[in-house]
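# Descriptive structure summary
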Amino acid sequence: MESLEKIKKKKFLIIGSGHKLSLERSYIRAFKNLKFKNIDYIFLDNGIFISFLNKYKYFFLDNLYSYICTKKIDSILRKNKFDFIFIFKGMQFEYNSLLNYKKIQKKAKWINIYTDNPFNFDSISTSNQKVLNSIKFYDYFCISFNKKLNFRLKKLKANKIIYLPFGYDVTKHKINKIVNEKSIENKINFVGGFDNYRKKYLNDLNFKIDVFGPGWKSKHNLSGKLNINSEEISGSRLKKIISKYAISINLLRKQDKNSHNMRTFEIPAMGGLMLTNYSQEQDNFFKQNKECYMYKNKKDLLEKINYIFSNPKKAYKIRKKGFFKSNHYSYETRLKNLLSNLK
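In what follows, the accompanying structure is described.

Rules of the game
Residues numbered from 1 in each chain as written. Predicted model: local features only at pLDDT ≥ 70, side-chain atom pairs only at ≥ 80, totals over all residues. Heavy atoms only, no water. Helix = DSSP H or I, 4+ residues; strand = E, 2+ residues; numbered from the N terminus. Rg over C-alpha atoms; globule rule 2.2 N^0.38 Å. Buried < 20%, exposed > 50% of the residue type's maximum accessible area, 1.4 Å probe, protein only. Contact = heavy atoms within 4.5 Å. Areas by Shrake-Rupley, 256 points an atom, 1.4 Å probe, with all protein chains shown as cover. Core = buried A, V, L, I, M, F, W, Y, C linked by side-chain atoms within 4.5 Å. Pairing = 2+ DSSP bridges. Right-handed = clockwise from strand over helix to strand, strands pointing away. Salt bridge = Lys/Arg side-chain N within 4 Å of Asp/Glu carboxyl O. Arc of directions from axis to C-beta. Phe/Tyr/Trp six-rings, centres within 6.5 Å; stacked < 30°, edge-to-face > 60°. Lys NZ or Arg CZ within 6 Å of the ring centre and 35° of its normal. Expected span 1.5 Å × (residues − 1).

## Regarding the overall build of the protein chain
- In terms of regular secondary structure, the protein chain is built from 13 helices and 12 strands.
- Taking 20 Å as the expected radius of gyration for a compact globule of 343 residues, we find that the protein chain reaches 21 Å, a close match to that expectation.
- Seen through its principal axes, the protein chain has C-alpha atoms that stretch 65 × 45 × 40 Å.
- Of all 343 residues assigned to the protein chain, the portion counted as buried reaches 54%.
- Counted over contacts in the protein chain with a minimum sequence separation of 6, partners at least 24 positions apart contribute 66%.
- About 16900 Å² of surface is accessible on the protein chain, with carbon and sulfur atoms providing 50% of the total.

Next comes the structure, spelled out in structure tokens:
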């Protein structure tokens, strides 16, 4: 691959979500922080009408939403020439539509950054048949599962598979320095939207936990020990919570088992002490009992919670090591590694 300075002269297009907390925005900020100037982007969920369609597309407006997205993209592709085009997930695109795009942008390299397991159809927001049909279209298919899905992707004629872990956003997540040990509060937090798996897991712990995230307040049968804050939090408020609580619980969902998720990197970057499911992959990023704590089951999780509360000085040292280790995992670093794989 060309040097970073040479590739900065190339033209890039990013296609995806404009949500304020989206991965797309984190990568756009990473491009800008690395002094890239030739960056265009299309947010497919911007505008009141298109946002409405995006919200209900999985139910009865999928075709209309896809049609509007196609027209929106077609317009910018005809006005500009790009060297690299990034599509985040691209669940709305038919294979033939992508082929038509390639006819317009014949020289561009197409990169898909897929943030979920493309073979997981359990949730309508995770993947669909359009995704599987289109894998062979992309010059590069980037995924956060390290080799776990490569065989299945190759069977669908994936051209080049790139392992692209999540990371942290220097604007949204990184704090300048870790808080003083005396500022740590003996409390536990969990940050994330509601789902039944998370509800059952946290309920069964029967432990006082401050829960932050959308969807929780409207749900019933929650343990009285869960203190629910049902709004989406980010920015300075999120940093303050993560950095000052004694423990930040991270729950890997079923599809992330043996892998990692965004919180893997965000919690340490915000100066938090991460207590997460054991996985070999997470242990490669943050060594358990050295840079974070990990648990193998609910019983082990409860024991780790009690151990951390009983050993605050050791826990603080591990928090600090995790914070400094996180410096290696920014999206600027992820982006540079990704670009080094593009030819």
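## Quick look at the nonpolar core
- Phe12, Phe86, Ile113 and Leu342 are the most contacted members of the largest nonpolar core, which has 45 residues in total.
- Looking at this core, the element that brings in the most residues is helix H2 (residues 23-33), giving five residues.
- Excluding residues that lie within four positions of it along the chain, Phe12 makes contacts with Ile7, Phe31, Phe36, Asn38, Ile39, Asp40, Phe82, Phe84, Phe86 and Leu339.
- Core analysis: the second largest hydrophobic core is formed by 32 residues, Leu13, Met91, Ala108 and Phe137 among them.

## Here we look at the pairing of strand S5 (residues 140-143)
- Neither face of S5 is open: one carries Tyr140 and Cys142, the other Phe141 and Ile143, and all of them are buried.
- Where strand S4 (residues 109-114) lies against S5, four bridges are found, and the strand directions are parallel. Considered in S5, the bridge of Tyr114 is made with Ile143.
- Each parallel crossover has a hand, and for S4 linked through helix H5 (residues 129-134) to S5 it is right-handed.
- In the sheet, S5 pairs with strand S6 (residues 161-163) via three bridges, with the strands oriented parallel. If you follow Cys142 over to S6, its bridge partner there is Ile162.
- For the segment spanning S5, helix H6 (residues 150-155) and S6, crossover handedness is right-handed.

## Considering the pattern of salt bridges
- Within this structure, the stated rule accounts for 18 salt bridges.
- Across the salt bridge formed by Arg237 and Glu231, the nearest N and O atoms sit 2.5 Å from each other.
- On the basis of relative accessibility, which here comes to 32%, the residue Glu231 falls in the partly exposed class.
- Taken together, the shared-partner salt bridges connect Glu185, Lys187 and Asp210 into one network.

## Structural notes on helix H13 (residues 331-340)
- Buried residues of H13: Tyr331, Glu332, Arg334, Leu335, Leu338 and Leu339, and no others. With its buried residues spanning 160 degrees around the axis, H13 presents them on a single face.

## A closer look at the packing of aromatic side chains
- Following the criterion strictly, the structure yields 26 aromatic pairs and no others.
- Each ring, one from Phe265 and one from Phe286, has its centre 6.2 Å from the other, and the planes form 50 degrees; the classification is tilted. Taken as a pair, Phe265 in helix H9 (residues 263-269) and Phe286 in the loop between helix H10 (280-285) and strand S12 (293-295) lie far apart in primary sequence, 21 residues in all.
- Judged by relative accessible area, which is 0%, Phe286 ranks as buried.
- The positively charged end of Lys102 is found above the aromatic ring belonging to Phe137, 4.5 Å away from the centroid.
- Here Lys296 stacks its cationic end above the ring of Tyr278, 5.6 Å away from the centre of that ring.

## A word on helix H12 (residues 312-325)
- A rise of 1.5 Å per residue sets the reference length of H12, with its 14 residues, at 20 Å; its end C-alpha atoms lie 20 Å apart and thus fit the reference within 8%.
- For H12, the set of buried residues is Ala315, Tyr316, Ile318, Arg319, Gly322 and Phe323. Viewed along the axis of H12, the buried residues span an arc of 165 degrees, placing them on a single side of the element. Opposite the buried face of H12, by more than 90 degrees, sit the exposed residues Lys313 and Lys317.
- If you follow the buried residues of H12, they end up packed against helix H8 (235-244), strand S10 (245-250), H9, S12 and helix H11 (298-310).

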